[in-house]
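Descriptive analysis of the structure
Chain by chain, the residues:
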Amino acid sequence: MARKHGETVYFIAGEGFVGNEPLGPGAPAVLAGEGQPTDPERAFRFTRMFPALPALRPDEAALVELGRAMEDTPNLRDHPELPAGFTYFGQFLDHDITFDKTAGLPSGELTPEEIEQGRSPSLDLDSVYGRGPAAEAERLFERDGVVLRVGRTTPVDAPIEPEGHELPNDLPRGHDPDNPRLATIADPRNDENLAVAQLHLAFLKFHNVVAARLAEGGLEGAALFERARRMVVLHYQWIVLHDFLPRVVEPSILGQTLATGRRFFQIAPGEEPAMPVEFSVAAYRFGHSMIRDSYSWNRNFPDASLEFLFEFSGGSGGMVGLFTLPSNWPVDWRRLFDFRDAPGVRPPPALNRTRRIDTALALELRTLPRIGEEGDRASLAVRNLLRGRLLGLPSGQVVAAALDVPALTPEQVRSGPQAALLQRHQLDQQTPLWFYILKEAEVFHDGARLGPVGSTLLAETFVGLIQGSRHSLLSDANRYWRPTMPSLRPGHFTMVDLLLNVNDLNPLGEERQPPPPPPPPPRVHVVQPGDTLRGIAARFLGDARRWPEIFQANRDVIANPDLIRPGMRLVIPPR
């Protein structure tokens, strides 16, 4: 069964199912909202990074109150430099490491090894490739089993505009006759909002660019696909380690983790990695604080609300009744990533930056599509806090002590608008881990990056998951590997480089220029007795010597410039 957003039951290695559904003797394990029993052998596996630390379980009502307060304090502070595209790269990354390759497949068709690998986190782009061309040829791949399918948009404008044409700028759709808008992709969560959908599309196109380049060297068929996939995954992992993480964690902590190895995220030799709940349920949810209420999206929608980005997604919205994305909605990537160092790329009218990482959220997060929940529990912040309590996560202060890093003081925890609430419930003394990590970023770095607890949890987890991947940038075999695709800096590779390789930054073109203003109505002078062309020129054009201009403009009524009659209507040229 695929992991869904809103999941409230987790299979934790060594503990079994942990959740708020009835899990007594003989009771089936249930994913919230699914209503179907979960086979422990098929469950996505979680683990604890700190199994010996005590659980923090504050009063539920206090967490509900705190979550509502976080959403009642809107985050309107832009990050000083982080482009907003990284918010959705982070979401794409989350879907990749929680992707279930065994969804919908009977257990009898899978070996135990396939089940374990298919339900374990890794950074192998399984959310893009699924189970590969041998199993997904008709859905995800073109007939050659190498090229990934790309969808086309629906024209909505005059043919003289890009919006009036089908553009190769949507996810493939149409495989499900009961829901033709459903995206034909390995992980349907990547169609839940338009930003992550367009990012998924960019990875489809990047794979095709890499495959085309390798095909020039004579590779074809299965060998070409496998080489292209490996190359794409390694470039992707490079982006995670050397572009994304250095922007959001303390670089010294990431560098130390890479240099000396993981200290807290333990993976038994020969076993597939499991997902640490401290990462999944707390640390990695820092991205919720980075979401904006609106985005400058493209030339048609310079102020698109977050709600609109969900409305125009096939998974969560209706695309205004169309079966594919309207042609006026493809993203202008220049507005989401910073191309200032890319030669020949015109700067956009606006570059969206993420919000700062802090304990306030975007107002629009209170109005996103619900997950079968009502009232306070429909709040994103409340769900995050209650989920941490449900799983018995330790407090932020206890984790800081275990990591031997500086802990926030009670005064620092309660700095800000939630001070009285935190003190009243003593949450400034022992603080829910998710809230603590956001507050830590706010206190230590003014929301520009995570503090020591959040940085350590992210660095340890991502390094561990990359080391456990089938194509691992951190394996001995790839120790000296460096990016080979064209990049702005040789030997390095970023999301900007990936999008430059795809070469479709702004499919709709530059801003529409407003039509020129209509010319002013011509000035007309009715000739009076005694008027001469020289006198009229001196009066209206400021120079008597400009009389020939008046003569030329009125040749249809003046035959001789020395003979003009009273009552003639003369057009006066512009001054």
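Residues numbered from 1 in each chain as written. Predicted model: local features only at pLDDT ≥ 70, side-chain atom pairs only at ≥ 80, totals over all residues. Heavy atoms only, no water.

Points about the environment of Leu199
Relative to the elements of secondary structure, Leu199 occurs in helix H6 (residues 194-215). In this structure Leu199 comes out as buried when scored by relative accessible area, which is 1%. Along the sequence, Leu199 and Phe89 sit 110 residues apart, while their C-alpha atoms lie 7.2 Å from each other. (Helix = DSSP H or I, 4+ residues; strand = E, 2+ residues; numbered from the N terminus. Buried < 20%, exposed > 50% of the residue type's maximum accessible area, 1.4 Å probe, protein only.)

A closer look at the nonpolar core
Membership of the largest hydrophobic core comes to 138 residues, with the highest contact counts inside it found for Phe89 and Leu458. Of the residues forming this core, the biggest block, 15 residues, is contributed by helix H7 (residues 221-248). Leaving out residues up to four positions away in the same chain, Leu458 has contacts with Leu245, Val248, Val249, Phe279, Ala283, Tyr284, Phe286 and Leu450. Within the second largest apolar cluster, 13 residues are counted, among which are Val527, Phe540, Phe551 and Ile564. (Core = buried A, V, L, I, M, F, W, Y, C linked by side-chain atoms within 4.5 Å. Contact = heavy atoms within 4.5 Å.)

A short note on the packing of aromatic side chains
One pass over the full model with this rule turns up 23 aromatic pairs. Geometrically, the ring pair formed by Phe203 and Tyr236 is edge-to-face, given 5.7 Å between the ring centres and 85° between the ring planes. Residue Phe203 is located in helix H6, and its partner Tyr236 is located in helix H7; the two are separated by 33 residues in the primary sequence. Residue Phe203 is classed as buried on the basis of its relative accessible area, which comes to 1%. According to the relative accessible area criterion, Tyr236 is buried, its value standing at 1%. By the ring-pair criterion, three or more aromatic residues cluster together here, those being Phe86, Phe89, Phe92, Phe203, Tyr236, Phe244, Trp333 and Phe337. Sitting over the ring of Phe265, Arg262 keeps its end group 5.8 Å from the ring centre. (Phe/Tyr/Trp six-rings, centres within 6.5 Å; stacked < 30°, edge-to-face > 60°. Lys NZ or Arg CZ within 6 Å of the ring centre and 35° of its normal.)

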